Amino acid sequence: MAQKLYIFGIGGTGSRVIKALTMLFAAGCRLENGFDTVVPVIIDPDTGNGDLSRTKDILRLYQQVRNQVDHPDDFFGQEVKTIHELADHSAGINPDFFQFRLNGVDGNSFRKYIGFEELGDNPEAGEDDRNFIRLLWSEANLDADISVGFKGNPHMGSVVLNQFTSSDDFIRFGQTFSPGDAIFIINSIFGGTGAAGFPLLLKNLRGNSEIPHRVHVKDAPIGGITYLPYFALNRQDEINSESFEEKAKIALDYYNRTIIGQNRINALYLIGNRGNTNVIPYAVGGKEQKNNAHFLELAGALAVLDFCKNRDLHGVSGGKAVNGTRVKEYGIENETETITFGDLNLDDVKKLSGPLTKYRLFTGYLEKGLPRALGVSRWTRSNIRLVPSSNNSVLDRSYFSSVEYNLQVKAFNALFDEWIREMGENKPSFIPFREMTADTALNLVRNSAPKGNLSFRALDVWNCRLIARDDLRAPVGMKHSTLIRLFGLSTEKVLTKKELIIR
């Protein structure tokens, strides 16, 4: 039976982990145990957040490419849909539908949101509500602009985020939820949006009687990953990164008592970088908050794959995990500031080595190898017969100059390469690949030394051999089918022969 995994990404960290997971799906990673559809749900009041915007753009491009591939079974193999698509049975792509909308936050202060000015302020008449509110929130809290998030204040976030459980989006979530579906939640514990949203969301998933299909939701397997501090800010202001660790300790104690201790979640993954030296530019929110991709966000994506793989984590009865809450921490084999495939544990290497190396060779070829091959190598030429009984190649100049190729495949690949590059520029850095040139392309994996010709020539040879296969012919309307399926096969052939994929 088809099963769905709903992934709730809360705040900026949630968006960045969903971005990393989408990149893994593009490279050929898929969920196990029958989870055929992923439904990303981003919860963030900061609608102009740079990380959020980039993630929604990546999800849009992923869908556009995948929707034009006939039965994708390698690159872009994992189905990704919005709740609106499921609820309305629509095939339309709208990246805004990946985000739960919060009402009343745009351009509002927290003071205005809670209706502070309408509260009583006459102690003699027994109306002292304003002073009571001042016991809970400072004047700075009340004056804060909540349209850019909660600036590390979960006691503000818990009030604002409480509304999403009564929203149309949350109702659609319940309506589309089926037996066998599961949920995964992503948050950071040291900020405002994520720290507040995680326990609030979990409480409603396990106990909100107003959710459609509440019985299925209440007893669904739920996993989550919570981020401990893994970066600092280059200056301190409204948001003070010097307080991140203390906030994380307080929040962890609360999680231990109310979530782990009460078995409200099946698996909780914890990840952070204690004593980290990763310093990022200060930004309150908005488009300026566009942090470079980080290896720990890729590790968070691996947690999602692990949760789906391990069925023993999934038992639930009466809203509680049957086998208790399993707590997992992430670690690497070698303590280093420059991580390569060889520094990861063997399970992670097996998950990442093949897909990421294949897709990196794919993007590198289209950027640096295709200009030499286009119109020269047989797999890119029309008006010739490649082999008897085959048709002319659909991957000719007209395809590679098409709007669809340039605004979808090429645009997505640019974001993939940007993601890889940014992880290499962060601390600790993740640098599994060398710089690629047309003549040294197959020398791309660090700490490997393949023999023989290292140019793109082997990829061209395999493309010419494979292009005539009947299953690579593009059905009508499936513009990217031949390209995506062809390179899924040819990169596998070339990298396997060069022993560059760890199985």
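Engineer: In this structure, what is going on with the overall build of the protein chain? I would like to understand it.
Structural biologist: Assigned secondary structure in the protein chain consists of 17 helices and 14 strands. For the protein chain, the residues scored as buried account for 56% of the 503 residues in total. By element, 48% of the accessible surface of the protein chain is carried by carbon and sulfur atoms, the whole surface being about 21200 Å².

Engineer: Help me out: how do you make sense of the packing of helix α2 (residues 50-66) against helix α15 (residues 403-425) in this one?
Structural biologist: Relative placement of two packed helices is described by the angle separating their axes and the distance separating the axes. Orientation of α2 relative to α15, taken along the N-to-C sense of each, is 135°, at an axis distance of 9 Å. In terms of their interaxial angle, α2 and α15 are classed as oblique. Between α2 and α15 lies a crossing of left-handed hand. Across from Arg54, Asp57, Ile58, Leu61, Tyr62, Gln64 and Val65 in α2, the residues of α15 making contact are Leu407, Gln408, Val409, Ala411, Phe412, Leu415, Glu418 and Glu422. By residue class, the composition of the contact of α2 with α15 is 9 nonpolar, 2 polar and 4 charged.

Engineer: Would you mind going over the nonpolar core with me for this structure?
Structural biologist: As a rule of thumb, nonpolar side chains are buried together in soluble globular proteins. Of all hydrophobic cores here, the largest spans 132 residues; its most connected members are Phe173, Ile183 and Trp419. Here this core gets 11 residues from one element, more than from any other, and that element is helix α12 (residues 295-309). Setting aside residues no more than four positions away along its own chain, Trp419 makes contact with Lys19, Ala20, Met23, Leu24, Ala293, Leu298 and Leu356. Grouped together as the second largest cluster of nonpolar side chains are 5 residues, Phe116, Ile133, Trp137 and Leu142 included.

Engineer: Even after reading the chapter, I still don't get the environment of Glu32, so can you show me in this structure?
Structural biologist: Here Glu32 lies in the loop between α1 (11-27) and β2 (35-43). Accessibility expressed as a relative area gives 41% for Glu32, which makes it partly exposed. Along the chain, Glu32 and Arg311 lie 279 residues apart, while their C-alpha atoms are 9.6 Å from each other. The contacts of Glu32, once residues within four sequence positions are left out, are Cys308 and Lys309.

Engineer: Quick question: what am I supposed to make of the pattern of salt bridges here?
Structural biologist: If the charged atoms of two oppositely charged side chains come close together, the side chains can form a pair. The tally for this structure, following the rule as stated, stands at 24 salt bridges. For the salt bridge of Asp74 with Lys358, the shortest nitrogen-to-oxygen distance reads 2.5 Å. Of this pair, Asp74 sits in the loop between α2 and β3 (79-80) while Lys358 sits in helix α13 (residues 346-373), and the two are 284 residues apart along the sequence. On the accessibility criterion, Lys358 (5% relative accessible area) is buried. Here Arg485 makes a salt bridge to Asp471, at a shortest N to O gap of 3.8 Å. You can see Arg485 sitting in helix α17 (residues 481-497) and its partner Asp471 sitting in the loop between α16 (457-466) and α17, a full 14 residues away along the chain.

Engineer: So what exactly am I meant to see when it comes to the packing of aromatic side chains here?
Structural biologist: The geometry of an aromatic ring pair is captured by two quantities: the separation of the ring centres and the angle between the planes. If you walk through the whole model with that rule in mind, you get 33 aromatic pairs. Seen from their ring centres, Tyr62 and Phe76 are 5.1 Å apart, and the 40° between their planes marks the pair as tilted. Note that Tyr62 is positioned in helix α2 and Phe76 in the loop between α2 and β3, a separation of 14 residues in sequence. Accessibility classification places Tyr62 together with Phe76 in one group, the buried group. For the cation-ring pair, Arg111 lies above Phe116, with the distance from its terminal atom to the ring centre recorded as 5.0 Å. The residue whose ring lies beneath Arg465 is Trp462, and the NZ or CZ to ring-centre distance is 4.6 Å.

Engineer: What's the story with α2 in this structure? I'm lost.
Structural biologist: Owing to its 3.6 residues per turn, the α-helix aligns residues three or four sequence positions apart on the same side. With 17 residues, α2 should reach 24 Å at 1.5 Å per residue; the first-to-last C-alpha distance of 24 Å fits that figure. A large share of α2 lies buried, amounting to 14 of its 17 residues.

Engineer: Is there a simple way to explain the confidence of the model for the protein chain in this structure?
Structural biologist: Detailed reading of the predicted coordinates is not advisable wherever pLDDT falls low. Looking at the protein chain as a whole, the pLDDT averages 85, with 85% of positions reaching at least 70. Segment residues 386-390 is flagged for pLDDT under 50; beyond a separation of four residues in sequence, or across chains, it makes 9 contacts in the model.

Engineer: I would appreciate a short explanation of a nonpolar patch on the surface in the present structure.
Structural biologist: There is a patch of nonpolar side chains on the surface, built from Phe132, Leu135 and Leu136 and spanning about 340 Å² of accessible area. Its location among the elements puts Leu135 in helix α5 (residues 129-136).

Engineer: Explain unusual backbone geometry to me, please; I cannot follow it from the model alone.
Structural biologist: Comment: phi is negative for the bulk of residues other than glycine, and the bulk of peptide bonds are trans. Of note, the bond from Lys427 into Pro428 is cis; its omega dihedral lies within 30 degrees of zero at -10°. For Pro428, the position within the fold is in the loop between α15 and β14 (429-430). A positive phi angle, close to 45°, is found at His71, a residue other than glycine. Position of His71 relative to the elements: it lies in the loop between α2 and β3. A relative accessible area of 64% places His71 in the exposed class. With a phi close to 60°, Phe76 is a non-glycine residue in the positive phi region.

Engineer: What is the right way to look at the side chain of His294 in this model?
Structural biologist: Within the element layout of this structure, His294 appears in the loop between β9 (279-280) and α12. Here the side chain of His294 touches Lys427 through a polar contact of 2.9 Å, landing on its backbone oxygen.

Reading the values: the criteria
- Residues numbered from 1 in each chain as written.
- Predicted model: local features only at pLDDT ≥ 70, side-chain atom pairs only at ≥ 80, totals over all residues.
- Heavy atoms only, no water.
- Helix = DSSP H or I, 4+ residues; strand = E, 2+ residues; numbered from the N terminus.
- Buried < 20%, exposed > 50% of the residue type's maximum accessible area, 1.4 Å probe, protein only.
- Areas by Shrake-Rupley, 256 points an atom, 1.4 Å probe, with all protein chains shown as cover.
- Axes fitted to C-alpha atoms, helices over the stretch in contact; angles between N-to-C directions.
- Parallel < 35°, antiparallel > 145°, perpendicular 65-115°, else oblique.
- Left-handed = near helix turned anticlockwise from the far one by under 90°.
- Contact = heavy atoms within 4.5 Å.
- Nonpolar A, V, L, I, M, F, W, Y, C, P; charged D, E, K, R; others polar.
- Core = buried A, V, L, I, M, F, W, Y, C linked by side-chain atoms within 4.5 Å.
- Salt bridge = Lys/Arg side-chain N within 4 Å of Asp/Glu carboxyl O.
- Phe/Tyr/Trp six-rings, centres within 6.5 Å; stacked < 30°, edge-to-face > 60°.
- Lys NZ or Arg CZ within 6 Å of the ring centre and 35° of its normal.
- Expected span 1.5 Å × (residues − 1).
- pLDDT = per-residue confidence, 0-100.
- Patch = residues over 30% accessible without salt bridge, like charges linked within 9 Å, V, L, I, M, F, W, Y side chains within 5 Å.
- Polar contact = N/O pair within 3.5 Å; in protein donor to acceptor, adjacent residues only side chain to side chain.

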